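Now for the letters of each chain:
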Amino acid sequence: MFLHQTIRRNEKLVETAFWLHQKGRILPDSYVIDVDMFLENAAKILKKARDGGITLYFMLKQVGRNPYLARELVNLGYEGAVAVDYREALLMMEHKIPLGNVGHLVQPPRGFVEQLVAWGPKVMTVYSGEKIREIEKAAAKLGKRQAVLLRVYEESDMIYSGQSAGFPLEELRETALWMKTHCPHVDIKGVTSFPCYYYDQDAGDIMPSKNLETVLKGAGILKTCGVDVSMINTPSATCCRTLDKMSRFGGNCGEPGHGLSGTTPIHGVRDLEERPAVVYVSEISHNFLGSAYCFGGGHYRRSHVRNALVGKGMGNCQEAEVKPPSDESIDYHFELPGEYQVGDTVVMAFRFQIFVTRSDVVLVKGIGSGSPKIVGIYDSQGRERDEC
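First, a word on scope: everything that follows refers to the structure included in this document. Everything numeric here is computed off the predicted structure, so don't read it as measured data. (Residues numbered from 1 in each chain as written. Predicted model: local features only at pLDDT ≥ 70, side-chain atom pairs only at ≥ 80, totals over all residues. Heavy atoms only, no water.)

With an omega dihedral of -5°, the bond running from Phe194 to Pro195 counts as a cis peptide bond. Mapped onto the fold, Pro195 is located in the loop between strand S9 (186-192) and strand S10 (197-200). Look at Ser236: it is not a glycine, yet its phi comes out positive at around 100°. Within the element layout of this structure, Ser236 appears in the loop between strand S12 (231-233) and helix H10 (240-249). Phi is positive for His304, which is not a glycine, with a value near 55°. The residue His304 is located in the loop between strand S15 (291-295) and strand S16 (307-311) in this model. (Helix = DSSP H or I, 4+ residues; strand = E, 2+ residues; numbered from the N terminus.)

This is the structure:
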């Protein structure tokens with residue numbers, strides 16, 4: 001999906017991936033991240049947001065919840081992390097990373113709420129009365145106040161499978177008034193939904209979804225209840241291009257994830273301000289019945305992987321078609337029609353969600369200057385491990 005863009009816009013990253021694998025510095029099933037490019041992208045997005053008065057919380061699930069990158073983003077000036085689920089919140093807390101939005105897609109479980117409120121995330125996204133009661137109980141016990149975002153929906157909204165949740169818009173007023181009466185330790189800060197912006201293939205651009213309309217309606221309802229709505233959180237595909245759209249269509253809080261690595265869907269087809277910063281590295285394992293097979297482990301069902309470079313370096317590689325495993329199968333291998341030399345490096349660039357894989361994350365600095373140096377190798381859950 002991103003291979004040709006990456007070759008064209010960050011060829012040194014591809015060259016470095018070949019070199020690291022051929023030198024035995026990294027194993028197959030590794031994502032190599034150009035740290036300098038990643039942070040350059042992050043700085044561009046942050047500047048654009050500040051110029052437009054937009055709050056940003058960074059999301060790192062897609063790069064394996066990496067604590068090194070989280071600390072670098074905080075040092076750049078980002079306000080905190082988005083913890084898409086409680087495991088990510090735990091990891092960020094372990095590494096003393098400020099939490100921006102917790103519960104973006106997955107609410108914290110009952111046994112974790114008090115610990116989380118004690119830590120003090122800037123906001124928690126909620127979509128059930130039961131969870132609000134749990135937060136109220138914990139905040140009252142701790143003598144604290146916790147800000148929340150209410151996730152809202154209407155029947156025609158876009159909701160991905162496995163993410164079904166939200167307060168019906170017609171019940172929002174009742175919910176807000178109930179909270180004002182019964183939850184004195186919980187402050188409604190605003191509203192959210194997902195996705196509010198998305199890449200429209202037909203338009204060839206980032207566009208607002210129906211969910212954005214719902215969120216804006218929700219903000220209006222809360223204001224009629226006397227709520228000071230200071231945050232309209234409109235996530236998905238947050239990058240410089242999306243921030244321009246937010247300034248036009250609405251929203252004042254974004255959550256860059258793939259924008260940081262230059263790998264939102266629109267980055268695969270258009271040259272935007274952010275440049276690609278991640279490639280996937282594997283190795284030819286064997287040949288069988290006219291096809292070659294490289295080691296797997298990093299497959300994501302929505303990756304749209306199409307092709308790879310195979311060889312020992314940019315100067316002597318071939319482009320190959322990639323056939324990923326079927327969705328119901330374990331990704332032990334990727335298939336490449338035709339036979340290739342066992343041990344050769346395979347470099348791909350596709351849409352990824354490293355936290356749902358078993359891959360390594362290899363952080364490399366100095367790629368652009370021609371002096372690449374590994375600054376850390378982590379597993380897919382942000383735990384550092386020794387180099388091979």
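That shown, we press on.
On the surface, Glu155, Glu170, Glu171 and Glu174 cluster together into a negatively charged patch. By the element assignment, Glu174 lies in helix H8 (residues 172-182). Owing to a relative accessible area of 60%, Glu174 belongs among the exposed residues under this scheme. (Patch = residues over 30% accessible without salt bridge, like charges linked within 9 Å, V, L, I, M, F, W, Y side chains within 5 Å. Areas by Shrake-Rupley, 256 points an atom, 1.4 Å probe, with all protein chains shown as cover. Salt bridge = Lys/Arg side-chain N within 4 Å of Asp/Glu carboxyl O. Lys, Arg positive; Asp, Glu negative; His and termini not counted. Charge placed at Lys NZ, Arg CZ, Asp CG, Glu CD. Buried < 20%, exposed > 50% of the residue type's maximum accessible area, 1.4 Å probe, protein only.)

Moving on: the packing of helix H7 (residues 129-142) against H8. At a minimum axis distance of 12 Å, the contact between H7 and H8 shows a crossing angle of 20°. Here H8 runs roughly parallel to H7, going by the angle between their axes. In this structure, the crossing between H7 and H8 has a hand that is right-handed. Each of Gly129, Ile132, Arg133 and Glu136 in H7 lies in contact with H8, whose residues at this interface are Trp178, Met179 and His182. In terms of residue class, the contact of H7 with H8 is built from three nonpolar, two polar and two charged. (Axes fitted to C-alpha atoms, helices over the stretch in contact; angles between N-to-C directions. Parallel < 35°, antiparallel > 145°, perpendicular 65-115°, else oblique. Left-handed = near helix turned anticlockwise from the far one by under 90°. Contact = heavy atoms within 4.5 Å. Nonpolar A, V, L, I, M, F, W, Y, C, P; charged D, E, K, R; others polar.)

Our focus in this paragraph is the packing of aromatic side chains. Enumeration according to the criterion identifies eight aromatic pairs in this entry. Judged by centre distance (5.6 Å) and plane angle (55°), the ring pair of Tyr31 and Phe352 falls under tilted. Linking Tyr31 in strand S1 (residues 30-34) with Phe352 in the loop between strand S19 (345-348) and strand S20 (360-365), this pair joins segments that are 321 residues apart in sequence. Overall, the relative accessible area of 1% leaves Tyr31 in the buried class. When the ring centre of Tyr127 is taken as origin, the NZ or CZ atom of Arg151, which lies over that ring, is 5.7 Å away. Against the face of Tyr160 rests Arg302, its NZ or CZ located 5.4 Å from the ring centre. (Phe/Tyr/Trp six-rings, centres within 6.5 Å; stacked < 30°, edge-to-face > 60°. Lys NZ or Arg CZ within 6 Å of the ring centre and 35° of its normal.)

Another aspect to go through is the pairing of S10. Judged from the four bridges that link them, S10 and strand S11 (residues 205-208) form a sheet pairing that is antiparallel. From the neighbouring strand, Tyr198 faces S11, where its bridge partner is Met207. In this antiparallel pair of consecutive strands, S10 and S11, the connection spans four residues, and Gly204 shows a positive phi of 65°. (Pairing = 2+ DSSP bridges.)

In this section: the pattern of salt bridges. Pairs can form between side chains of opposite charge once their charged atoms are near each other. This structure, assessed with the given rule, holds 22 salt bridges. A salt bridge links Lys48 to Glu273, with the nearest nitrogen and oxygen atoms 3.6 Å apart. Of this pair, Lys48 sits in helix H3 (residues 35-51) while Glu273 is found in the loop between strand S13 (253-254) and strand S14 (278-288), placing the two residues 225 residues apart along the sequence. Its relative accessible area of 39% is what places Glu273 among the partly exposed residues. For the salt bridge of Lys312 with Asp344, the shortest nitrogen-to-oxygen distance reads 2.6 Å. On the criterion of sequence distance, the pair formed by Lys312 in the loop between S16 and strand S17 (318-321) and Asp344 in the loop between strand S18 (333-337) and S19 is long-range, its members being 32 residues apart. Residue Lys312 is classed as partly exposed on the basis of its relative accessible area, which comes to 38%. A single network of salt bridges, built from pairs that share partners, joins Glu154, Asp157, Lys210, Glu213 and Lys217.

These values are about where atoms sit, not about what they do.
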